[in-house]
Structures are given as structure tokens and as C-alpha cells.
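Structural overview
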Amino acid sequence: ASPVIAGAMSSALGLLASTYDDDDEQPAAPAAGSANTSIVVNAAPLELEERNAGAAPLANLKPDKRTGELSVEFNPGYEQMWAPEQGPSLEPAEQRAAGIKTKAHFLGHAQPFNPANDFAFEEQYHTFNAYGFAENPSTGGASGQAADYGPAMSANPGIVGDADKWAEARGGSVFSLKAPLESKMEEQRKRLRLDENFEQMPHTEPELSAEQRAALDAKHKAEKRRHEGREEKPEASAMEERAVFHGGSMTDYQGRSWTRPPADIREEEHECFIPKRWLHTWSGHTKGVAAIRWFPGNGHLLLSAGMDTKVKIWDVFNTRKCMQTYMGHAAAVRDIQFNNDGSRFVTCSYDRYLKLWDTETGECISAFTNRKLPYCVSFNPDSDKQNVILAGCSNKHIVQYDTNTGKVEQVYDQHLGAVNTITFCEENRRFATTADDKKMLIWEYGIPIPIKHIADPTLHSMPAVTKTPNQKWLLCQNLDNQITCYTAQDRFKLNRKKVFKGHVIAGYACKPGVSPDGNYVMSGDSDGRLWFWDWKSCKVFRKLKCHDQVCIQAIWHPVEPSRVATCSWDGTIKYWD
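Residues numbered from 1 in each chain as written. Predicted model: local features only at pLDDT ≥ 70, side-chain atom pairs only at ≥ 80, totals over all residues. Heavy atoms only, no water.

**Side note on the overall build of the chain**
When its secondary structure is counted, the chain shows seven helices and 37 strands. Within the chain, the proportion of its 577 residues that are buried is 37%. When contacts within the chain are restricted to residue pairs at least 6 apart in sequence, those whose partners lie at least 24 apart make up 46%. As displayed, the chain offers around 34400 Å² of accessible surface, 51% of which is attributable to carbon and sulfur atoms. (Helix = DSSP H or I, 4+ residues; strand = E, 2+ residues; numbered from the N terminus. Buried < 20%, exposed > 50% of the residue type's maximum accessible area, 1.4 Å probe, protein only. Contact = heavy atoms within 4.5 Å. Areas by Shrake-Rupley, 256 points an atom, 1.4 Å probe, with all protein chains shown as cover.)

Printed below as a string of C-alpha cells:
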């Protein structure tokens, strides 16, 4: 045999002998060809490597699982033999058994070197791109060498990149830092330079006064509210109140006031009939009419609230002309209400003011505001409480004013939405309120805690409520295009048999009306039509086309048996017989 083959056999036998103990018998080894060198056999065929005698044994020799013999399964170099371990420590089958997910590769299966999830990788990747530093993936459990991420590794072994910015960010990442670090530092440096320059400059400007500081602070707060989307609408300033009388004389030949009702017309019980024809149109408002009210008693005058900021009162029986115009609001008038004898009336407007007027002279007696929008207003019907006004506001409160003192007496604040209606019932000891929170609350007068909540998931908002002439029922206009009926006493229970349907109000607060004898229910709709229902059968009795736009309210005359007044957003008031 050649010396090469003999040397290889000698080396293989030497490796085999190393598996025996010292006390065991060892097979005799043939003589080596040289005393100073030995031949080392690698796993790859026909590749030989010479090593000096006495060198360190080969590294990374793995014992066979069956026999326990050490074997070299590949041909490693020196750098590979003494390099740290890398790659997966388990076989592919063992990885699948252990539940380790491996990604398919065109050369096989590959396990991620650093067991970090995708979010951690994206976080460090974007942090390095934005700020120039990231966590070192080789530390914290991983034993591989750090990969080349661009800049040299800093003195801190836990990070890669700029150590100064890492210290400035206090270990934060791109997801926890709100602004770039450089911009923050630049702002701080710029502010410091400005402060130094300001200290060095001579102060020639005078100091601001207290009023100027207050105005500046108010301006800054307003800008902040506008930037945050909390800007309040500007409050309309109170206008100068005045009235214009359009009649010939304020008194007649006997010195009686023009508001005095005729002596031959009195309110009596009578049977009512459905109107069939149009009689007259009052047109004086330049914009829509929001509400109309009969003069208490015999209804010889008609009061109207317009969206043109004006309130007008009209003659009904004689000339049918506008008698007086009341001007004092800076925005559209929302609601109006007479007191018991008609000598005064109160108005509420979108300029956030409530104003009390003298009907005859047109003088504005007093004005009230709580800086909120009043949506409805009502006098206390008791004869000894005619100085009490209740107003439902946009801030979910019902505010009780005393007109004698001008102060707030009570605040009812249990609603969860803007208050739309206030209706007194049970001999004026209680009152019912409805709001945008789709609830009806029953209150004891003077006590700010409701005694009854009426709420149901099937209920809709009730923006208009009317009490029947017999004081027993509350007719509520629902936004689901129907009128429901509640008892106005005791339990305030819903009468499920009294439901009036057919009309479409489409989100408008069309106030329902009732005939004085209680036999008919009426309501306008969004198309300008007037609907009549029979009270007993709840069936539609008649429909009249009254206006071009929404018919917002209809009221039955208290004396005439078959006459009805309607108002619309087209700016007209019509009289029907």
C-alpha cells in the first residue's frame, strides 16, 4: 500500500482507540510513517489535511445516537470549527414536533436567527431609520455576531448606532416618541438663543396693562378652543326693543284699549266641524312663521313668532290686519306664550334671550338669559304664579325665572338632551317635559327631581306636545310619523289604542292641535298639508293642502266652531272655515 493510505488507516485506528478506557485492552496500532506528523481524515473524500502532533483534538465532534462514536459529518475549516454556534439547534422534524414555525425557502427550511416578532423588527427598523439607533439583536440571549446595520456599533453593547441620540431618547422607539429629536433640540436651542438675545436687548416697550393682558389671554383661549373644535358660537348682542303700532288709535272713543275683547263674543262649549275652505291669509313676515297663539279667552287677536326676528299680532274679527309689531330680538324667534289674561307675553329666541312684553304698549318689561339657547317657554298657569316663567334650554336644563326679581329660582337638570316642550298638568301641580333624549319626565313643581321617567327603546323623540281641552290627555308628536297619547294625570300611562298615523313630518316639530270639543285631532306635515283624525276611531277624516312648505302648527279657534289657523315656513298664516 502507498504511504498515504497507510497513514490514513493509522489515523482512523487512533480515533477508534480513543473510545476505549485506559484499563481495557486496546488493539495494536501499526507503526506510523513519521514521528512528527500525523494525517487527519476529513469527511469529504479525497481532501487531506496535515496537523502537527499534539495539536488540540478536532472540535464539534458529535457522538452517534446508536453507538456513541464520535464522527465528523462535514469538512469544517478553522474559522468554522471555533466560531460560535449559529442556526437552528433542532432538526426540521424536531422543530415541527416542538411547534417552531419555519419559513419555506427555495433551498429548504430556514429558522429565524433572532426570535423577535415582526412588530419588534419593524419598530427597531423604523427607529434606526428615523433616529439612527436601534437595539443590538446579538445581545439579550442571542449568541451570534452583530450584523452590519450601517454605522459602527457604539460603546454601549446593547444598541447599534448613535449612542447620544439613544440617551436623549431614553431608550424610546419611533412609536413612543412624539416628535423627531432633532426638531425638539432645535426648538430648545432657538428658544434659548431668543431668551439670551432678549435679555441682552434693552427693554424699550412698555409693560402690558391688566386689561391688555386679559384681552390677550382671552384671544389665546379662543384660538385654543377653535383649534380643538370647541369654539362657541358668538352670542348675539341684545337689541334695543321697540314696537310699531299699525292701527288708527290705541283706544276707542270710550277710552278702551285696542286689546280689549268684543263684548258679544264669549267662550262657550259648542260642537265643532271640520273646515272646508280658505278664508284669509295674513302675510307680513319676510321669513317662516315658527309659532302662533290665540289671545286668551275669545281669540279676537292672533300672535305670531317669525324667523325674521319679529313678533306680530293680528286682528281676527274685524279688519284682519296687523295691529302691532314687536322688535327686540337679534335672531329668529323660537316660541311665544301668553299669560292668563293676555296682558303680557314672553318670547324666546335663538339670540339666547327671553323677553317679557306688554301686549298693549309694546314695551319690553324685562329680559333674561343664561347664555344657552331656549327652545320652549311657558308661564305657570296658576293665577298667583303669573310671575313665574319656565324655559327649556339646549344645555338639558329647565330654568325657572321670577319676572319680579329677574333671578333664577330653580333648575331642573335630569334630561340628557335639549328640552323641547313644557306642559303643565294635574291642576298645575306637576309638569311634563320632553327632550331629544327620547324621554318624558314628570316633575313636581319646584322640586328638581322627576317623579316619573317614561323611556322605552322603541320610543322616538317627541318635539311637540299638546294637552287636550278636558285636561286628561297629552298628544305627543313622534318623529316616527305618528301621534301617541298619554294620560295627563296619575300614572301618565301610554294609551296604545290612541295612535294617529298617516302623515309624514320628516323630522319637523309639527305641533298637533285638538278641537275645543275634543272630537278631532289635527296636525300639519312636511308637504304643507293639514290632517284631521277622528278621536274615537283614530281614522283619517280629511286632508287639506294648506301651504307650499311645511305646516308647522295648526290651532282651532276657541269660539268659532269650524275655524282653524295654520302657519308655515313659507311666511304665511292662513285662516280656514
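After that view, the rundown keeps rolling.
**Focus: the UniProt feature "repeat: WD" (unreviewed entry) in the chain**
Mapped onto this numbering, the UniProt entry gives "repeat: WD" (unreviewed entry) at residues 282-316, 326-367, 412-444, 515-543 and 544-577. With 0% helix and 58% strand, the stretch residues 412-444 has end C-alpha atoms that lie 10 Å from each other. Structurally, residues 544-577 comprises 0% helix and 53% strand, and the distance from its first C-alpha atom to its last is 12 Å. (UniProt positions renumbered as here; feature names shortened; annotations may be inferred.)

**A closer look at the pattern of salt bridges**
Two side chains of opposite charge can pair, provided their charged atoms sit close to one another. One pass over the structure, following the stated rule, counts 11 salt bridges. Residue K385 is joined to D384 by a salt bridge in which the shortest nitrogen-to-oxygen separation is 3.8 Å. Linked through salt bridges whose partners overlap, the residues forming this network are R277, R563 and D577. (Salt bridge = Lys/Arg side-chain N within 4 Å of Asp/Glu carboxyl O.)

**Section: the state of the cysteines**
The final tally for this structure, using the stated rule, is zero disulfides. Of all cysteine sulfurs, the one in C485 lies closest to C476, which takes part in no disulfide; the gap is 7.9 Å. For C476, a relative accessible area of 0% corresponds to the buried category. (Disulfide = S-S within 2.5 Å.)

**Overview of unusual backbone geometry**
Even without a glycine there, the phi angle at E426 is positive, about 55 degrees. Of note, E426 is situated in the loop between β23 (419-425) and β24 (430-435). The phi torsion at E427 lies on the positive side, around 55 degrees, for a residue other than glycine. Mapped onto the elements of the fold, E427 is located in the loop between β23 and β24. E427 sits in the exposed class, given a relative accessible area of 70%.

**Notes on the side chain of S304**
Assignment of secondary structure puts S304 in strand β12 (residues 301-306). Among the polar contacts made by the side chain of S304, one reaches the side chain of H285 at a distance of 2.8 Å. Once you skip the residues sitting within four places of it in the chain, S304 turns out to touch H285, V289, A291, I292, K310, V311, K312, W314, I336 and I573. (Polar contact = N/O pair within 3.5 Å; in protein donor to acceptor, adjacent residues only side chain to side chain.)

**Description of the confidence of the model for the chain**
Of all residues in the chain, 73% attain a pLDDT of 70 or more, and the chain-wide mean is 81. Confidence drops under a pLDDT of 50 for residues 140-154, and excluding neighbours within four residues, the segment shows 21 contacts in the predicted structure. (pLDDT = per-residue confidence, 0-100.)

**Thoughts on the sheet that holds strand β10 (residues 278-283)**
Judged by pairing direction, the sheet is antiparallel, and its four strands sit side by side in the order β10-β37-β36-β35 without closing on themselves. Pairing within the sheet leaves two strands with one partner each, and these edge strands are β10 and β35 (551-556). Across the sheet, the mean angle from the axis of one strand to that of its neighbour is 20 degrees, orientation sign disregarded. Where strand β36 (residues 564-568) lies against strand β37 (residues 572-576), four bridges are found, and the strand directions are antiparallel. Among the inter-strand pairings, C567 is bridged to a residue of β37, identified as I573. (Pairing = 2+ DSSP bridges. Axes fitted to C-alpha atoms, helices over the stretch in contact; angles between N-to-C directions.)

**Some details on the packing of aromatic side chains**
Under the defined criterion, the tally for this structure stands at 24 aromatic pairs. With 6.1 Å between their ring centres and 15 degrees between their planes, F121 and Y125 make a pair best called stacked. Of the two residues, F121 and Y125 are both situated in helix α4 (residues 118-131); the distance of four residues between them amounts to about one turn of the helix. What makes F121 exposed here is its relative accessible area of 51%. (Phe/Tyr/Trp six-rings, centres within 6.5 Å; stacked < 30°, edge-to-face > 60°.)

**Describing the sheet that holds strand β32 (residues 520-524)**
The strands making up a sheet are joined through hydrogen bonds of the backbone, oriented either antiparallel or parallel. Taking strand neighbours across the sheet as the criterion, the four strands line up as β31-β32-β33-β34 in an open arrangement whose pairing is antiparallel. Pairing within the sheet leaves two strands with one partner each, and these edge strands are β31 (513-514) and β34 (540-545). In this sheet, β34 lies alongside strand β33 (residues 529-534) in antiparallel orientation, the contact comprising five bridges. When the sheet's bridge partners are listed, W533 is paired in β34 with V540.

**Notes on the nonpolar core**
The biggest cluster of nonpolar side chains holds 18 residues, and the ones touching the most others in it are I292, W294, L302, I573 and Y575. At the level of secondary structure, the elements contributing two or more residues to this core comprise β10, β11 (289-294), β35, β36 and β37. Non-local contacts of I292, meaning those with residues more than four positions away in its chain, are made with L302, L303, S304, I336, Q553, I555, A565, T566, C567 and I573. (Core = buried A, V, L, I, M, F, W, Y, C linked by side-chain atoms within 4.5 Å.)

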